[in-house]
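An overview of the molecular structure
Below are the chains, spelled out letter by letter.
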Amino acid sequence: MTKYLVTSALPYANGPLHFGHLAGVYIPADIYTRHKKLSGERAIHICGSDEHGVAIMLNAQKAKVPYKEYVDGWHKEHKALFDAFNIHFEYFGQTSSDYHAEEVLPWFKSLHEKGMIEPRDGQQLQCGDCHNHLPDRFVGGECYECHYPSARGDECPNCGIIIDSVKLINPVCQICESTNIKEVTVTQYYLTLSKAHEKYREWLTKKIPEFRKTVGKYVDSLTKENLHDRAISRDLDWGIDVPLAEAKGKKLYVWFDAPIGYVSNTKQWLKETGSSEDYKKDWWTNSDTKIEHFIGKDNIIFHCIIFPVMSMMSEQVNVCTDVPANQYLNLEGKQFSKSAGWYVDAKEAVEKFGSDALRYYLTAISPEASDSSFTWEGFQARLNGELANNIGNLVNRCLKFWKKNWAEGMSEEALKSYQQVDKVSELSQKLALVRDCLDEKAIKIALEISMQMGHMTNEYFSERAPWASFKMDPKIAELTIAETGAMILIVAAALNPFLPDLSQNIFSLFGNVSDESIAKIYQGDFSAIDQIFKAAGGTPVKAPKALVPKIEDDVIAALKEELGKLN
Ligand SMILES: [Zn+2]
Ligand SMILES: [Zn+2]
(Lines give C-alpha, C1' and ligand atoms only; values in the text may rest on other atoms or scores of the structure.)
(Ligands and ions follow the chains in the order given, each with its own letter.)
Protein backbone atom coordinates (compact mmCIF):
# COMPACT_ATOMS: atom_id res chain seq x y z
CA MET A 1 0.00 0.00 0.00
CA THR A 2 1.25 3.44 -0.91
CA LYS A 3 2.52 5.49 2.00
CA TYR A 4 3.41 9.15 2.12
CA LEU A 5 6.60 10.55 3.57
CA VAL A 6 5.99 14.27 3.62
CA THR A 7 8.79 16.64 4.55
CA SER A 8 8.82 20.39 5.11
CA ALA A 9 11.94 22.48 4.49
CA LEU A 10 14.03 22.48 7.65
CA PRO A 11 13.70 26.00 9.11
CA TYR A 12 17.05 27.67 9.65
CA ALA A 13 17.62 28.14 13.40
CA ASN A 14 18.68 31.73 12.98
CA GLY A 15 15.63 33.96 13.25
CA PRO A 16 11.87 34.12 13.38
CA LEU A 17 9.61 32.49 10.78
CA HIS A 18 7.15 34.77 9.03
CA PHE A 19 3.85 34.34 7.20
CA GLY A 20 5.71 33.65 3.95
CA HIS A 21 7.31 30.52 5.39
CA LEU A 22 4.01 29.37 6.86
CA ALA A 23 1.96 29.99 3.70
CA GLY A 24 4.62 28.65 1.35
CA VAL A 25 5.71 25.48 3.12
CA TYR A 26 4.39 24.45 6.51
CA ILE A 27 0.64 25.05 6.25
CA PRO A 28 0.30 23.37 2.81
CA ALA A 29 2.40 20.39 3.95
CA ASP A 30 0.28 20.09 7.10
CA ILE A 31 -2.98 20.27 5.12
CA TYR A 32 -1.71 17.67 2.67
CA THR A 33 -0.65 15.25 5.43
CA ARG A 34 -3.93 15.72 7.32
CA HIS A 35 -5.80 15.05 4.07
CA LYS A 36 -3.92 11.80 3.50
CA LYS A 37 -4.58 10.63 7.05
CA LEU A 38 -8.29 11.53 6.83
CA SER A 39 -8.43 9.57 3.58
CA GLY A 40 -7.25 6.52 5.49
CA GLU A 41 -3.72 6.52 4.05
CA ARG A 42 -0.49 6.09 5.97
CA ALA A 43 1.26 9.47 6.00
CA ILE A 44 3.95 11.08 8.14
CA HIS A 45 5.21 14.66 8.26
CA ILE A 46 8.90 15.02 9.09
CA CYS A 47 10.79 18.23 9.79
CA GLY A 48 13.43 19.73 12.08
CA SER A 49 15.76 22.65 12.56
CA ASP A 50 18.69 23.27 10.23
CA GLU A 51 21.40 24.33 12.66
CA HIS A 52 24.79 24.64 10.98
CA GLY A 53 26.47 27.23 8.77
CA VAL A 54 28.18 30.57 8.95
CA ALA A 55 25.09 32.76 9.29
CA ILE A 56 24.21 30.99 12.55
CA MET A 57 27.80 31.24 13.80
CA LEU A 58 27.96 34.97 13.15
CA ASN A 59 24.72 35.71 14.98
CA ALA A 60 25.59 33.44 17.90
CA GLN A 61 28.92 35.24 18.19
CA LYS A 62 27.18 38.61 18.08
CA ALA A 63 24.78 37.47 20.79
CA LYS A 64 27.74 36.10 22.77
CA VAL A 65 25.96 32.77 23.17
CA PRO A 66 27.48 29.31 22.50
CA TYR A 67 26.36 27.92 19.12
CA LYS A 68 24.41 25.02 20.58
CA GLU A 69 22.56 27.23 23.02
CA TYR A 70 21.77 29.66 20.21
CA VAL A 71 20.25 27.04 17.88
CA ASP A 72 18.40 25.34 20.74
CA GLY A 73 16.71 28.67 21.45
CA TRP A 74 15.44 29.06 17.90
CA HIS A 75 14.50 25.40 17.70
CA LYS A 76 12.20 25.82 20.70
CA GLU A 77 10.80 29.06 19.33
CA HIS A 78 9.97 27.52 15.94
CA LYS A 79 8.41 24.44 17.49
CA ALA A 80 6.15 26.62 19.64
CA LEU A 81 5.06 28.61 16.59
CA PHE A 82 4.22 25.45 14.65
CA ASP A 83 2.19 24.20 17.60
CA ALA A 84 0.32 27.50 17.79
CA PHE A 85 -0.54 27.22 14.08
CA ASN A 86 -1.68 23.61 14.54
CA ILE A 87 1.08 22.36 12.24
CA HIS A 88 1.69 18.78 13.24
CA PHE A 89 4.89 16.83 12.66
CA GLU A 90 5.52 13.20 13.48
CA TYR A 91 8.98 14.45 14.38
CA PHE A 92 10.69 17.83 14.60
CA GLY A 93 14.39 17.17 15.17
CA GLN A 94 17.70 19.02 15.16
CA THR A 95 20.70 18.73 12.84
CA SER A 96 23.07 19.59 15.70
CA SER A 97 22.15 16.34 17.47
CA ASP A 98 24.38 13.27 17.63
CA TYR A 99 21.87 11.00 15.90
CA HIS A 100 21.98 13.32 12.89
CA ALA A 101 25.79 13.41 12.67
CA GLU A 102 25.77 9.62 12.82
CA GLU A 103 23.33 9.38 9.91
CA VAL A 104 25.44 11.69 7.73
CA LEU A 105 28.53 9.44 7.86
CA PRO A 106 27.36 6.59 5.58
CA TRP A 107 26.26 9.17 2.99
CA PHE A 108 29.69 10.74 2.91
CA LYS A 109 31.45 7.38 2.96
CA SER A 110 29.39 5.99 0.11
CA LEU A 111 29.78 9.10 -2.08
CA HIS A 112 33.52 9.17 -1.34
CA GLU A 113 33.97 5.51 -2.25
CA LYS A 114 32.11 6.06 -5.50
CA GLY A 115 34.45 8.87 -6.47
CA MET A 116 31.78 11.54 -6.00
CA ILE A 117 33.79 13.47 -3.41
CA GLU A 118 37.29 14.72 -4.09
CA PRO A 119 39.75 17.24 -2.60
CA ARG A 120 40.69 20.32 -4.61
CA ASP A 121 42.94 23.27 -3.87
CA GLY A 122 41.41 26.69 -4.11
CA GLN A 123 41.83 30.28 -3.02
CA GLN A 124 40.18 31.47 0.16
CA LEU A 125 40.38 34.54 2.39
CA GLN A 126 41.86 34.53 5.86
CA CYS A 127 41.90 37.31 8.46
CA GLY A 128 45.39 38.62 9.21
CA ASP A 129 44.34 39.72 12.70
CA CYS A 130 41.97 37.12 14.21
CA HIS A 131 43.40 34.41 11.89
CA ASN A 132 39.98 32.92 11.13
CA HIS A 133 39.31 31.44 7.72
CA LEU A 134 36.62 33.54 6.09
CA PRO A 135 34.22 31.46 4.03
CA ASP A 136 30.77 32.72 3.05
CA ARG A 137 29.36 35.42 5.30
CA PHE A 138 32.45 35.60 7.49
CA VAL A 139 33.68 38.17 5.00
CA GLY A 140 31.97 41.18 3.45
CA GLY A 141 33.01 43.88 1.03
CA GLU A 142 32.17 45.74 -2.13
CA CYS A 143 30.40 43.79 -4.88
CA TYR A 144 32.64 43.44 -7.95
CA GLU A 145 29.62 43.53 -10.24
CA CYS A 146 27.36 46.33 -9.01
CA HIS A 147 29.73 48.00 -6.50
CA TYR A 148 27.20 47.76 -3.68
CA PRO A 149 29.35 48.45 -0.59
CA SER A 150 27.95 45.78 1.77
CA ALA A 151 27.96 42.60 -0.29
CA ARG A 152 28.27 39.37 1.69
CA GLY A 153 30.87 36.68 1.02
CA ASP A 154 28.26 34.35 -0.45
CA GLU A 155 25.95 36.69 -2.32
CA CYS A 156 25.26 40.31 -3.14
CA PRO A 157 21.93 41.44 -1.65
CA ASN A 158 21.79 44.28 -4.18
CA CYS A 159 22.33 42.60 -7.57
CA GLY A 160 21.74 39.02 -6.39
CA ILE A 161 24.84 37.40 -7.85
CA ILE A 162 26.59 34.52 -6.12
CA ILE A 163 29.81 36.05 -4.83
CA ASP A 164 33.24 34.52 -5.22
CA SER A 165 34.62 35.93 -1.96
CA VAL A 166 38.24 36.25 -3.14
CA LYS A 167 37.07 38.75 -5.77
CA LEU A 168 35.39 41.11 -3.24
CA ILE A 169 36.69 44.68 -3.30
CA ASN A 170 38.01 45.93 0.07
CA PRO A 171 37.09 42.77 2.03
CA VAL A 172 36.33 43.11 5.75
CA CYS A 173 36.45 40.34 8.35
CA GLN A 174 32.94 40.06 9.82
CA ILE A 175 34.27 38.55 13.03
CA CYS A 176 36.77 41.22 14.14
CA GLU A 177 36.11 43.92 11.51
CA SER A 178 39.72 43.87 10.37
CA THR A 179 40.55 44.89 6.80
CA ASN A 180 43.87 43.07 7.00
CA ILE A 181 42.76 40.19 4.80
CA LYS A 182 44.98 37.80 2.89
CA GLU A 183 44.41 35.17 0.26
CA VAL A 184 45.53 31.63 1.08
CA THR A 185 45.44 28.32 -0.76
CA VAL A 186 43.38 25.69 1.04
CA THR A 187 42.10 22.23 0.23
CA GLN A 188 38.33 21.73 0.25
CA TYR A 189 36.24 18.70 -0.60
CA TYR A 190 33.96 18.89 -3.61
CA LEU A 191 30.84 16.96 -4.48
CA THR A 192 31.45 16.17 -8.15
CA LEU A 193 27.90 16.56 -9.35
CA SER A 194 29.16 16.78 -12.94
CA LYS A 195 29.99 13.06 -12.89
CA ALA A 196 26.31 12.25 -12.27
CA HIS A 197 24.96 14.45 -15.06
CA GLU A 198 23.77 11.70 -17.36
CA LYS A 199 22.15 9.60 -14.67
CA TYR A 200 20.53 12.67 -13.14
CA ARG A 201 19.09 13.86 -16.47
CA GLU A 202 17.65 10.43 -17.10
CA TRP A 203 15.71 10.73 -13.83
CA LEU A 204 14.78 14.38 -14.30
CA THR A 205 13.43 13.93 -17.82
CA LYS A 206 10.88 11.47 -16.44
CA LYS A 207 10.06 13.80 -13.56
CA ILE A 208 9.51 17.05 -15.47
CA PRO A 209 5.93 16.26 -16.55
CA GLU A 210 5.06 15.39 -12.93
CA PHE A 211 6.65 18.46 -11.35
CA ARG A 212 4.83 21.79 -11.14
CA LYS A 213 5.58 23.93 -14.20
CA THR A 214 7.38 26.49 -12.05
CA VAL A 215 9.69 23.71 -10.83
CA GLY A 216 10.22 21.42 -13.84
CA LYS A 217 10.99 24.09 -16.42
CA TYR A 218 13.40 25.90 -14.14
CA VAL A 219 15.36 22.81 -13.14
CA ASP A 220 15.42 21.56 -16.73
CA SER A 221 17.03 24.76 -17.96
CA LEU A 222 19.53 24.83 -15.11
CA THR A 223 20.79 21.29 -15.69
CA LYS A 224 20.51 20.73 -19.44
CA GLU A 225 24.17 21.40 -20.22
CA ASN A 226 25.95 20.33 -17.09
CA LEU A 227 25.93 20.04 -13.31
CA HIS A 228 28.43 22.15 -11.40
CA ASP A 229 30.67 20.62 -8.75
CA ARG A 230 30.27 22.22 -5.33
CA ALA A 231 32.52 22.51 -2.30
CA ILE A 232 31.05 20.64 0.66
CA SER A 233 33.64 21.44 3.32
CA ARG A 234 34.61 24.53 5.26
CA ASP A 235 37.28 25.48 7.80
CA LEU A 236 34.95 26.13 10.70
CA ASP A 237 34.53 25.00 14.27
CA TRP A 238 30.74 24.38 14.14
CA GLY A 239 29.31 21.53 12.09
CA ILE A 240 29.84 17.84 11.38
CA ASP A 241 33.46 16.71 10.93
CA VAL A 242 34.54 15.66 7.46
CA PRO A 243 35.04 11.96 8.26
CA LEU A 244 38.51 11.58 6.73
CA ALA A 245 41.80 11.37 8.64
CA GLU A 246 43.46 13.84 6.28
CA ALA A 247 40.65 16.41 6.67
CA LYS A 248 41.28 17.31 10.29
CA GLY A 249 39.58 20.53 11.39
CA LYS A 250 37.25 20.65 8.40
CA LYS A 251 33.50 20.54 8.72
CA LEU A 252 30.88 19.47 6.22
CA TYR A 253 29.13 22.49 4.88
CA VAL A 254 25.56 23.03 6.02
CA TRP A 255 23.77 22.25 2.77
CA PHE A 256 25.38 18.81 2.56
CA ASP A 257 24.12 17.65 5.93
CA ALA A 258 20.81 19.55 6.14
CA PRO A 259 18.63 17.50 3.74
CA ILE A 260 19.89 14.29 5.34
CA GLY A 261 17.99 15.65 8.35
CA TYR A 262 14.76 14.37 6.80
CA VAL A 263 16.22 10.87 6.98
CA SER A 264 17.84 11.10 10.43
CA ASN A 265 14.66 12.61 11.89
CA THR A 266 12.57 9.75 10.50
CA LYS A 267 14.94 7.29 12.11
CA GLN A 268 14.84 9.11 15.43
CA TRP A 269 11.03 9.31 15.35
CA LEU A 270 10.76 5.54 14.95
CA LYS A 271 13.29 5.03 17.72
CA GLU A 272 11.58 7.37 20.19
CA THR A 273 8.13 5.94 19.52
CA GLY A 274 9.40 2.38 20.00
CA SER A 275 8.31 1.40 16.51
CA SER A 276 9.38 -1.92 15.01
CA GLU A 277 9.61 -0.28 11.57
CA ASP A 278 12.95 0.36 9.89
CA TYR A 279 13.47 3.92 8.64
CA LYS A 280 14.99 2.72 5.40
CA LYS A 281 13.33 -0.61 4.62
CA ASP A 282 9.85 0.59 5.60
CA TRP A 283 10.15 4.18 4.47
CA TRP A 284 13.11 5.70 2.64
CA THR A 285 14.02 2.77 0.37
CA ASN A 286 10.55 1.26 0.21
CA SER A 287 9.09 1.22 -3.29
CA ASP A 288 5.61 1.96 -1.87
CA THR A 289 6.76 5.22 -0.30
CA LYS A 290 6.09 8.53 -1.97
CA ILE A 291 8.72 11.02 -0.79
CA GLU A 292 7.36 14.55 -1.10
CA HIS A 293 9.35 17.66 -0.20
CA PHE A 294 7.35 20.83 0.48
CA ILE A 295 9.64 23.83 0.05
CA GLY A 296 9.83 27.46 -1.02
CA LYS A 297 11.27 28.30 -4.43
CA ASP A 298 14.60 29.38 -2.95
CA ASN A 299 15.20 25.73 -2.06
CA ILE A 300 14.56 24.20 -5.48
CA ILE A 301 18.22 23.68 -6.40
CA PHE A 302 18.93 21.70 -3.26
CA HIS A 303 15.81 19.51 -3.42
CA CYS A 304 15.57 18.99 -7.17
CA ILE A 305 19.25 18.75 -8.09
CA ILE A 306 21.72 18.27 -5.25
CA PHE A 307 19.80 16.02 -2.86
CA PRO A 308 18.50 13.78 -5.68
CA VAL A 309 22.08 13.36 -6.95
CA MET A 310 23.30 12.63 -3.40
CA SER A 311 20.47 10.10 -3.00
CA MET A 312 20.90 8.27 -6.28
CA MET A 313 24.70 8.18 -6.18
CA SER A 314 25.06 7.18 -2.51
CA GLU A 315 22.14 4.74 -2.79
CA GLN A 316 21.24 5.59 0.79
CA VAL A 317 17.59 6.44 0.05
CA ASN A 318 15.21 6.52 -2.88
CA VAL A 319 15.05 9.70 -4.92
CA CYS A 320 12.07 11.96 -4.16
CA THR A 321 8.68 11.56 -5.83
CA ASP A 322 7.63 15.18 -5.88
CA VAL A 323 8.85 18.63 -4.86
CA PRO A 324 5.83 20.94 -4.52
CA ALA A 325 7.70 24.24 -4.34
CA ASN A 326 5.74 27.42 -3.78
CA GLN A 327 6.48 30.96 -4.87
CA TYR A 328 6.90 33.88 -2.46
CA LEU A 329 4.40 35.62 -0.25
CA ASN A 330 4.90 39.35 0.20
CA LEU A 331 3.53 41.67 2.85
CA GLU A 332 1.35 44.49 1.53
CA GLY A 333 3.17 44.23 -1.81
CA LYS A 334 6.72 44.32 -0.43
CA GLN A 335 9.13 41.63 0.73
CA PHE A 336 9.05 40.75 4.43
CA SER A 337 12.01 42.45 6.09
CA LYS A 338 12.54 42.30 9.82
CA SER A 339 15.36 44.84 9.70
CA ALA A 340 13.16 47.37 7.86
CA GLY A 341 10.23 46.76 10.20
CA TRP A 342 8.21 45.46 7.23
CA TYR A 343 7.16 42.53 9.21
CA VAL A 344 4.37 40.91 11.20
CA ASP A 345 5.21 38.87 14.26
CA ALA A 346 3.53 35.54 13.43
CA LYS A 347 3.45 34.56 17.10
CA GLU A 348 1.63 37.72 18.19
CA ALA A 349 -0.76 37.39 15.26
CA VAL A 350 -1.73 33.81 16.07
CA GLU A 351 -2.24 34.74 19.71
CA LYS A 352 -4.55 37.54 18.61
CA PHE A 353 -6.57 35.82 15.86
CA GLY A 354 -6.18 32.08 16.49
CA SER A 355 -4.74 29.52 14.13
CA ASP A 356 -7.83 28.96 11.97
CA ALA A 357 -8.24 32.59 10.93
CA LEU A 358 -4.62 32.77 9.79
CA ARG A 359 -4.56 29.29 8.28
CA TYR A 360 -7.66 30.26 6.33
CA TYR A 361 -6.31 33.47 4.87
CA LEU A 362 -2.78 32.19 4.31
CA THR A 363 -4.18 29.21 2.38
CA ALA A 364 -6.65 31.34 0.43
CA ILE A 365 -3.74 33.52 -0.79
CA SER A 366 -1.22 30.67 -0.98
CA PRO A 367 1.56 31.48 -3.51
CA GLU A 368 1.13 28.19 -5.36
CA ALA A 369 1.54 29.31 -8.95
CA SER A 370 2.80 32.88 -8.54
CA ASP A 371 3.89 35.32 -5.85
CA SER A 372 1.08 36.74 -3.76
CA SER A 373 0.63 39.30 -1.03
CA PHE A 374 -0.68 39.36 2.53
CA THR A 375 -2.68 42.49 3.31
CA TRP A 376 -4.39 43.27 6.58
CA GLU A 377 -7.48 44.53 4.79
CA GLY A 378 -7.60 41.37 2.69
CA PHE A 379 -7.34 39.32 5.84
CA GLN A 380 -10.22 41.19 7.47
CA ALA A 381 -12.41 41.11 4.35
CA ARG A 382 -12.00 37.40 3.73
CA LEU A 383 -12.32 36.44 7.36
CA ASN A 384 -15.47 38.46 7.96
CA GLY A 385 -16.99 38.03 4.51
CA GLU A 386 -16.20 34.36 3.96
CA LEU A 387 -15.35 32.39 7.05
CA ALA A 388 -17.50 34.28 9.56
CA ASN A 389 -20.50 34.81 7.26
CA ASN A 390 -20.43 31.61 5.29
CA ILE A 391 -19.56 29.14 8.03
CA GLY A 392 -19.72 30.79 11.46
CA ASN A 393 -23.14 32.42 11.02
CA LEU A 394 -24.69 29.43 9.36
CA VAL A 395 -23.70 27.04 12.15
CA ASN A 396 -24.86 29.54 14.71
CA ARG A 397 -28.28 30.18 13.21
CA CYS A 398 -29.07 26.58 12.37
CA LEU A 399 -27.92 24.88 15.54
CA LYS A 400 -29.28 27.53 17.90
CA PHE A 401 -32.67 27.13 16.28
CA TRP A 402 -32.39 23.37 16.62
CA LYS A 403 -31.40 23.44 20.27
CA LYS A 404 -34.06 25.98 21.14
CA ASN A 405 -37.00 24.22 19.55
CA TRP A 406 -36.06 20.53 19.69
CA ALA A 407 -34.09 20.41 22.94
CA GLU A 408 -35.45 16.92 23.66
CA GLY A 409 -34.28 15.59 20.31
CA MET A 410 -35.77 15.36 16.84
CA SER A 411 -37.74 12.54 15.30
CA GLU A 412 -35.93 9.67 13.61
CA GLU A 413 -37.61 10.68 10.37
CA ALA A 414 -36.15 14.21 10.51
CA LEU A 415 -32.67 13.01 11.44
CA LYS A 416 -32.54 10.71 8.42
CA SER A 417 -34.22 12.98 5.92
CA TYR A 418 -30.91 14.43 4.68
CA GLN A 419 -30.36 11.14 2.83
CA GLN A 420 -33.08 12.11 0.36
CA VAL A 421 -31.86 15.64 -0.28
CA ASP A 422 -30.35 16.31 -3.73
CA LYS A 423 -28.08 19.01 -2.32
CA VAL A 424 -26.44 16.36 -0.15
CA SER A 425 -25.38 14.33 -3.17
CA GLU A 426 -24.10 17.54 -4.74
CA LEU A 427 -22.07 18.14 -1.57
CA SER A 428 -20.76 14.60 -1.77
CA GLN A 429 -19.50 15.26 -5.30
CA LYS A 430 -17.86 18.49 -4.22
CA LEU A 431 -16.24 16.70 -1.31
CA ALA A 432 -14.76 14.15 -3.71
CA LEU A 433 -13.39 17.07 -5.70
CA VAL A 434 -11.76 18.52 -2.58
CA ARG A 435 -10.01 15.20 -2.00
CA ASP A 436 -8.90 14.98 -5.65
CA CYS A 437 -7.48 18.51 -5.59
CA LEU A 438 -5.61 17.81 -2.38
CA ASP A 439 -4.18 14.63 -3.90
CA GLU A 440 -2.81 16.89 -6.64
CA LYS A 441 -1.58 19.37 -4.01
CA ALA A 442 -3.86 22.04 -5.52
CA ILE A 443 -4.52 23.21 -1.99
CA LYS A 444 -5.83 26.68 -2.66
CA ILE A 445 -8.53 25.41 -5.05
CA ALA A 446 -9.43 22.64 -2.62
CA LEU A 447 -10.13 25.27 0.04
CA GLU A 448 -12.23 27.28 -2.41
CA ILE A 449 -14.36 24.22 -3.19
CA SER A 450 -14.93 23.42 0.47
CA MET A 451 -16.04 27.03 0.97
CA GLN A 452 -18.43 26.60 -1.99
CA MET A 453 -19.88 23.68 -0.06
CA GLY A 454 -20.54 26.09 2.82
CA HIS A 455 -22.19 28.47 0.38
CA MET A 456 -24.44 25.72 -1.01
CA THR A 457 -25.53 24.82 2.51
CA ASN A 458 -26.28 28.47 3.25
CA GLU A 459 -28.39 28.72 0.12
CA TYR A 460 -30.36 25.65 1.05
CA PHE A 461 -30.99 27.02 4.54
CA SER A 462 -32.07 30.46 3.29
CA GLU A 463 -34.33 29.13 0.53
CA ARG A 464 -36.16 26.79 2.87
CA ALA A 465 -36.48 29.59 5.49
CA PRO A 466 -37.19 27.38 8.51
CA TRP A 467 -37.89 30.40 10.74
CA ALA A 468 -40.91 31.13 8.51
CA SER A 469 -42.11 27.55 8.00
CA PHE A 470 -41.84 26.93 11.74
CA LYS A 471 -44.81 29.23 12.32
CA MET A 472 -47.01 27.36 9.81
CA ASP A 473 -45.83 23.78 10.17
CA PRO A 474 -43.01 22.97 12.61
CA LYS A 475 -42.63 19.53 10.98
CA ILE A 476 -41.32 21.12 7.80
CA ALA A 477 -38.93 23.36 9.72
CA GLU A 478 -37.71 20.33 11.63
CA LEU A 479 -36.74 18.59 8.39
CA THR A 480 -34.90 21.64 7.10
CA ILE A 481 -32.96 22.11 10.31
CA ALA A 482 -31.92 18.46 10.54
CA GLU A 483 -30.95 18.39 6.86
CA THR A 484 -28.93 21.58 7.19
CA GLY A 485 -27.33 20.15 10.34
CA ALA A 486 -26.18 17.09 8.40
CA MET A 487 -24.87 19.30 5.60
CA ILE A 488 -22.96 21.38 8.16
CA LEU A 489 -21.21 18.22 9.37
CA ILE A 490 -20.21 17.39 5.78
CA VAL A 491 -18.80 20.91 5.34
CA ALA A 492 -17.00 20.63 8.69
CA ALA A 493 -15.38 17.38 7.54
CA ALA A 494 -14.31 19.00 4.26
CA LEU A 495 -12.73 21.87 6.22
CA ASN A 496 -10.95 19.55 8.66
CA PRO A 497 -7.51 19.40 6.96
CA PHE A 498 -7.50 23.19 6.47
CA LEU A 499 -9.05 24.40 9.73
CA PRO A 500 -8.73 21.58 12.25
CA ASP A 501 -9.86 23.64 15.26
CA LEU A 502 -12.96 25.12 13.67
CA SER A 503 -13.91 21.72 12.30
CA GLN A 504 -13.48 20.09 15.71
CA ASN A 505 -15.46 22.89 17.36
CA ILE A 506 -18.38 22.31 15.01
CA PHE A 507 -18.34 18.55 15.60
CA SER A 508 -18.05 19.03 19.34
CA LEU A 509 -21.46 20.76 19.33
CA PHE A 510 -22.76 17.19 18.94
CA GLY A 511 -20.59 15.78 21.74
CA ASN A 512 -17.34 13.85 21.58
CA VAL A 513 -17.01 12.90 17.94
CA SER A 514 -14.17 10.49 17.21
CA ASP A 515 -11.51 11.09 14.57
CA GLU A 516 -12.75 7.92 12.87
CA SER A 517 -16.23 9.40 12.43
CA ILE A 518 -14.83 12.60 10.96
CA ALA A 519 -12.62 10.56 8.61
CA LYS A 520 -15.63 8.48 7.52
CA ILE A 521 -17.60 11.58 6.56
CA TYR A 522 -14.49 13.00 4.87
CA GLN A 523 -14.27 9.84 2.78
CA GLY A 524 -17.91 10.22 1.75
CA ASP A 525 -19.43 7.63 4.11
CA PHE A 526 -22.26 9.62 5.69
CA SER A 527 -23.48 6.80 7.92
CA ALA A 528 -21.26 8.45 10.55
CA ILE A 529 -23.70 11.39 10.57
CA ASP A 530 -26.50 9.09 11.76
CA GLN A 531 -24.27 7.78 14.52
CA ILE A 532 -23.31 11.31 15.60
CA PHE A 533 -26.95 12.47 15.70
CA LYS A 534 -27.98 9.37 17.60
CA ALA A 535 -25.18 9.61 20.16
CA ALA A 536 -26.07 13.27 20.76
CA GLY A 537 -29.71 12.36 21.42
CA GLY A 538 -31.04 14.04 18.31
CA THR A 539 -30.08 17.57 19.30
CA PRO A 540 -26.87 19.57 19.67
CA VAL A 541 -25.37 18.99 23.11
CA LYS A 542 -24.50 22.67 23.39
CA ALA A 543 -25.47 25.87 21.67
CA PRO A 544 -22.72 27.35 19.48
CA LYS A 545 -20.86 30.42 20.67
CA ALA A 546 -19.21 32.75 18.19
CA LEU A 547 -17.18 30.22 16.18
CA VAL A 548 -15.52 32.76 13.92
CA PRO A 549 -15.26 36.16 15.63
CA LYS A 550 -15.44 39.11 13.25
CA ILE A 551 -12.42 41.37 13.05
CA GLU A 552 -13.08 45.03 13.77
CA ASP A 553 -11.80 47.93 11.66
CA ASP A 554 -9.82 49.55 14.48
CA VAL A 555 -7.85 46.34 15.07
CA ILE A 556 -6.81 46.28 11.43
CA ALA A 557 -6.03 49.99 11.35
CA ALA A 558 -3.71 49.59 14.34
CA LEU A 559 -1.90 46.68 12.73
CA LYS A 560 -1.41 48.59 9.49
CA GLU A 561 -0.04 51.50 11.49
CA GLU A 562 2.62 49.20 12.94
CA LEU A 563 4.08 48.28 9.54
CA GLY A 564 7.36 49.87 8.65
CA LYS A 565 7.93 51.11 12.18
CA LEU A 566 11.16 50.06 13.80
CA ASN A 567 11.00 49.15 17.42
ZN1 LIG B 1 39.25 38.86 11.82
ZN1 LIG C 1 26.17 43.30 -6.51
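Along each chain, the written sequence defines residue order, and numbers are assigned to residues from 1. Chains carry letters from A onward and ligands carry numbers from 1 onward, assigned in written order. It should be noted that, the model being predicted, local features are given only for residues of pLDDT at least 70 and side-chain atom pairs only at 80 or more, the latter also being counted only at that level, while totals for whole chains, interfaces and linings use all residues. To get the side-chain values, take all heavy atoms of the structure and skip hydrogens and water.

Describing the packing of aromatic side chains
Worth spelling out the cut-off: Think of it this way: a Phe, Tyr or Trp ring, Trp meaning its six-membered ring, pairs with another when their centres are within 6.5 Å, and the plane angle makes it stacked under 30 degrees, edge-to-face over 60, tilted otherwise. Secondary structure counts use DSSP, requiring at least four H or I residues in a row for a helix and at least two E residues in a row for a strand, with both numbered from the N terminus. Burial classes: relative accessible area under 20% of the type maximum marks a residue as buried, over 50% as exposed, and values in between as partly exposed (1.4 Å probe, protein chains only). Remark: a charge is flagged as sitting over a ring if the NZ atom of Lys or the CZ atom of Arg is within 6 Å of the ring centre and within 35 degrees of the ring normal.
Scanning all chains against the criterion turns up 28 aromatic pairs. Between the aromatic rings of F353 and W376, the centroid separation amounts to 5.9 Å while the plane-to-plane angle is 45 degrees, which identifies the pairing as tilted. Here W376 lies in helix α12 (residues 376–405) and F353 lies in helix α11 (residues 346–364), a separation of 23 residues in the sequence. The buried category is assigned to W376, whose relative accessible area is 1%. On the basis of an interplanar angle of 50 degrees and a centroid distance of 5.4 Å, the ring pair of F510 and F533 is categorised as tilted. Placement of the pair is F510 in the loop between α18 (500–508) and α19 (515–522) and F533 in helix α20 (residues 527–535), with a sequence separation of 23 residues. Per residue, the accessibility class of F510 equals that of F533, and both read buried. Taken together, the ring pairs connect F19, F353, Y361, F374, W376 and F379 into an aromatic cluster. In this arrangement the basic side chain of K334 is found over the ring face of W342, its NZ or CZ atom lying 4.0 Å from the centre.

Considering the coordination of the zinc ion (ligand 1)
Going by this rule: Any N, O or S atom lying within 2.8 Å of the metal counts as a donor, and for Na, K and Ca the limit rises to 3.2 Å; water is left out, so some sites can look incomplete. In short, tetrahedral needs four donors with all angles between 85 and 135 degrees, square planar needs four and octahedral six donors with opposite donors over 155 degrees apart and all other angles between 65 and 115, and whatever is left is irregular.
Within the protein, the atoms that donate to the zinc ion (ligand 1) are C127 (SG), C130 (SG), C173 (SG) and C176 (SG), at distances of 2.2 to 2.4 Å. Metal-centred angles of 104 to 117 degrees between the 4 donor atoms at the zinc ion (ligand 1) mark the site as tetrahedral. In the primary sequence, the donor residues of the zinc ion (ligand 1) line up as C-x2-C-x42-C-x2-C. Residue class for C130 comes out partly exposed when judged on its relative accessible area of 27%.

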